[in-house]
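Observations on the three-dimensional arrangement
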Amino acid sequence: MKEIIITKANGENVRFDPGKVESTCMKAGASRKVAKNIASQVISKLYGGMPTKEIYRIVLKLLSENAGIAVKQRYRLKESIMRLGPAGFSFENFVGKVLENYGYKVTATRAGVPGRCIAHEVDLILESIQDGKRWLVECKYHNLAGRYTGLKESLYTHARFLDLSETFDREMLVCNTKVSDEVTIYANCINQKILSWRYPPQNGLEKLVESKKLYPVTILGISRHELDLLSQQNLMIAKDLLDVDISDFVKKTGISAKRILTLQKLVNRIIV
């Protein structure tokens, strides 16, 4: 096909790669045949400078028509994680729940901790189940697609860790977007763990979520009000909704039993 330049959310111009459309569709659960067909249809609608968000909307529509709602919702993972903001607290709760499935115990969330110089509010305090080490975790949430987490956030996390080094053994910066090259270089130098979108390359945030089907509740297409209600119950992982006592959950949240059953059915389709 003729080379066509498209525009990413951050304004960067790149060559359109139909292979990426195919791979992301299959990653969400579409068959190879459906993925190839969707990529072909996208190509037929392309024009120079086309925004990636427009391509994204086209793919979502085609997935809904050709692969079903479960595949469509899984394709929306990054968008769903972005919907955990804007305050950021829901994102922190979600990160804590994900890390609990990977060998950590959350001992505190948004806790005040006195340092050598000043007191700090730490987003997450973790304990490694394997070796008992205490982790300071800073969560950085962005609600704009295409925005990188930069060196400033990595420096800030490390400065906080240094002031709290008598309390913590390790530090971690978790982001819902990609991080800049400067961040990875600096973090590797100071032994700061980074968890972000597609980093580390084989164990980025999206991989941790997909591997154990830890999709956020926002992948269910819930409203902002419903997210607030679920967040108040610290229910941030969609599949955890399958374990609730419906009558008790109705009393706690005010969400109707019919709505909860509808969401549970969608969860089952997404995690199959």
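What you see is a predicted model; the values in this text were computed from it and never measured.

Here we come to unusual backbone geometry. Note the cis peptide between Tyr199 and Pro200, where omega equals -5°. Relative to the elements of secondary structure, Pro200 occurs in the loop between strand 8 (193-195) and helix 9 (205-211). Its identity as a non-glycine residue notwithstanding, Arg110 has a phi of 50°, on the positive side. Of note in this structure, Lys213 is not a glycine but carries a positive phi near 55°. The topology assignment puts Lys213 in the loop between helix 9 and helix 10 (224-232). Here Lys213 falls in the partly exposed class, since its relative accessible area comes to 31%.

Let us now look at the packing of aromatic side chains. Applying the stated criterion across every chain, the model contains three aromatic pairs. Ring centres 6.0 Å apart and planes at 45° place the aromatic pair Phe91 and Tyr141 in the tilted group. Taken together, the residues span a long stretch of sequence, with Phe91 in helix 6 (residues 89-100) and Tyr141 in the loop between strand 6 (134-140) and helix 7 (151-163) at a distance of 50 residues. In terms of burial, Phe91 and Tyr141 fall into one category: buried.

Before going further, it helps to examine the nonpolar core. With 46 residues, the main nonpolar core has Phe91 and Leu220 as its most contacted residues. Of all elements in the fold, only helix 5 (77-82), helix 6, strand 5 (119-128), strand 6, strand 7 (170-175), helix 9, helix 10 and helix 12 (257-271) reach the threshold of two or more residues within this core. Considering every element that reaches this core, the biggest residue donor is helix 12, with six residues. Three or more residues apiece are contributed to this core by two domains, here domain 2 (89-212) and domain 3 (216-271).

Once that is clear, we can look at helix 7. Here helix 7 spans 19 Å end to end across 13 residues, near enough to the 18 Å set by a 1.5 Å rise per residue. Residues of helix 7 that are buried include every one of Glu153, Ser154, Thr157, His158, Arg160, Phe161 and Asp163, and no others. The secondary structure elements touched by the buried residues of helix 7 are strand 5, strand 6, strand 7 and helix 8 (181-190).

This part takes up the packing of helix 7 against helix 8. Contact pair helix 7 / helix 8: the axes reach a minimum separation of 8 Å and the direction vectors enclose 20°. By the angle between their axes, helix 7 is roughly parallel relative to helix 8. Considering how the two elements wind past one another, helix 7 and helix 8 form a crossing that is right-handed. The segment helix 7 lies against helix 8, with Leu151, Ser154, Leu155 and His158 engaging Glu182, Val183, Tyr186 and Ile190. Classifying every residue of the contact of helix 7 with helix 8 by side-chain character gives five nonpolar, two polar and one charged.

About the cut-offs
- Here the residue numbers are simple positions, counted from 1 along each chain's written sequence.
- pLDDT decides what is reported in this predicted model: residues at 70 or higher carry local features, side-chain atom pairs at 80 or more are listed and counted, and totals for whole chains, interfaces and linings draw on all residues regardless.
- As a rule here, side-chain values come from all non-hydrogen atoms in the structure, and water together with hydrogens is ignored.
- To qualify as a helix, a DSSP run of H or I must reach at least 4 residues; to qualify as a strand, a run of E must reach at least 2; elements of each kind are numbered from the N terminus.
- Partly exposed describes any residue whose relative accessible area lies between the buried limit of under 20% and the exposed limit of over 50%, with all areas from a 1.4 Å probe on protein chains only and scaled to the type maximum.
- Any two rings among Phe, Tyr and Trp, with Trp reduced to its six-membered ring, count as a pair given centres within 6.5 Å; such a pair is stacked if its planes are under 30 degrees apart, edge-to-face if over 60, and tilted if neither.
- Here the nonpolar core consists of buried residues drawn from Ala, Val, Leu, Ile, Met, Phe, Trp, Tyr and Cys, with membership extended through side-chain atoms lying within 4.5 Å.
- Boundaries of every domain are those given by an automatic assignment or by a domain database.
- A helix is expected to span 1.5 Å multiplied by its residue count minus one.
- When checking whether two residues touch, look at their non-hydrogen atoms; a contact exists if any pair is within 4.5 Å.
- Lines fitted to C-alpha atoms define the axes, with helix axes restricted to the stretch in contact, and inter-axis angles between N-to-C directions lie between 0 and 180 degrees.
- Our angle categories are set so that under 35 degrees counts as roughly parallel, over 145 as roughly antiparallel, 65 to 115 as roughly perpendicular, and the remainder as oblique.
- Should the near helix be turned anticlockwise from the far one by less than a right angle, the crossing is termed left-handed; should it be turned clockwise, right-handed.
- Ten residue types, Ala, Val, Leu, Ile, Met, Phe, Trp, Tyr, Cys and Pro, are classed as nonpolar, four, Asp, Glu, Lys and Arg, as charged, and the remainder, Gly among them, as polar.

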